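Fold and geometry: a report
This is what each chain is made of:
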Amino acid sequence: MENQHEEQNQLNIELNEEIAEGQYANLAIITHSNAEFVVDFVNVMPGLPKAKVKSRIILTPQHAKRFMKAMLDNIKKYESVHGPIQDQEQVSVPLNFGGPTAQA
């Protein structure tokens, strides 16, 4: 009986080949409104004046906070095995999405 209850509470997550390949990003731009957080993942190539958003994820504030906690937990686990991650200097990148300034 307990096994049936556990099976009913499981979530089957499908991962197709294209998504499984992933996208490389070395910059995340985070904006928010009162209803959502928008995370744009960008691949910036050195010496090139233009970069493309590779993926955009939109989260509710509650999911954004859960994501932050999960990231902090995973970073702590990573550093316990591999040592501290060296924080790089703050890099200021002028951002221009080629359109009007977004407003919420």
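Definitions and limits used
- Residues numbered from 1 in each chain as written.
- Predicted model: local features only at pLDDT ≥ 70, side-chain atom pairs only at ≥ 80, totals over all residues.
- Heavy atoms only, no water.
- Helix = DSSP H or I, 4+ residues; strand = E, 2+ residues; numbered from the N terminus.
- Buried < 20%, exposed > 50% of the residue type's maximum accessible area, 1.4 Å probe, protein only.
- Areas by Shrake-Rupley, 256 points an atom, 1.4 Å probe, with all protein chains shown as cover.
- Pairing = 2+ DSSP bridges.
- Axes fitted to C-alpha atoms, helices over the stretch in contact; angles between N-to-C directions.
- Patch = residues over 30% accessible without salt bridge, like charges linked within 9 Å, V, L, I, M, F, W, Y side chains within 5 Å.
- Salt bridge = Lys/Arg side-chain N within 4 Å of Asp/Glu carboxyl O.
- Polar contact = N/O pair within 3.5 Å; in protein donor to acceptor, adjacent residues only side chain to side chain.

Looking only at helices and strands, the protein features three helices and three strands. Mapped in sequence order, the helices and strands of the protein form the string α-α-β-β-β-α. Going through the 104 residues of the protein one by one, you find that 9% of them count as buried. Total accessible area computed for the protein in this model is approximately 10200 Å², and 53% of it derives from carbon and sulfur atoms.

Let us now look at the pairing of strand β2 (residues 37-43). Taken across its seven residues, β2 has five buried, putting it largely inside the fold. The turn linking strand β1 (residues 27-32) back onto β2 is made up of four residues. Bridge count for β2 against strand β3 (residues 52-59) is seven bridges, and the pairing is antiparallel. Residue pairing for β3: valine 42 is matched across the bridge by valine 53.

Alignment of β1 against β2, held across six bridges, turns out to be antiparallel. Note on β2: the bridge partner recorded for histidine 32 is phenylalanine 37.

This part covers the sheet that holds β1. Pairing within the open sheet is antiparallel, and its three strands lie in the order β1-β2-β3. Because the sheet does not close on itself, it has two edges, and the strands there are β1 and β3. Pairs of neighbouring strands in the sheet enclose a mean axial angle of 20°, with direction left out of account.

Below, the discussion takes up the environment of asparagine 43. If you trace the backbone, asparagine 43 turns up in strand β2. Judged by relative accessible area, asparagine 43 falls into the buried class, the value being 19%.

Turning next to a nonpolar patch on the surface. Taken together, the side chains of Phe67, Met71, Ile75, Tyr78 and Ile85 define a hydrophobic patch exposed on the protein surface, amounting to about 470 Å² of accessible area. Note that isoleucine 85 resides in the segment after α3 (61-82).

This brings us to the side chain of aspartate 40. Mapping aspartate 40 onto the fold places it in strand β2. Only 2.6 Å separates the side chain of aspartate 40 from the side chain of arginine 56, close enough to count as a polar contact.

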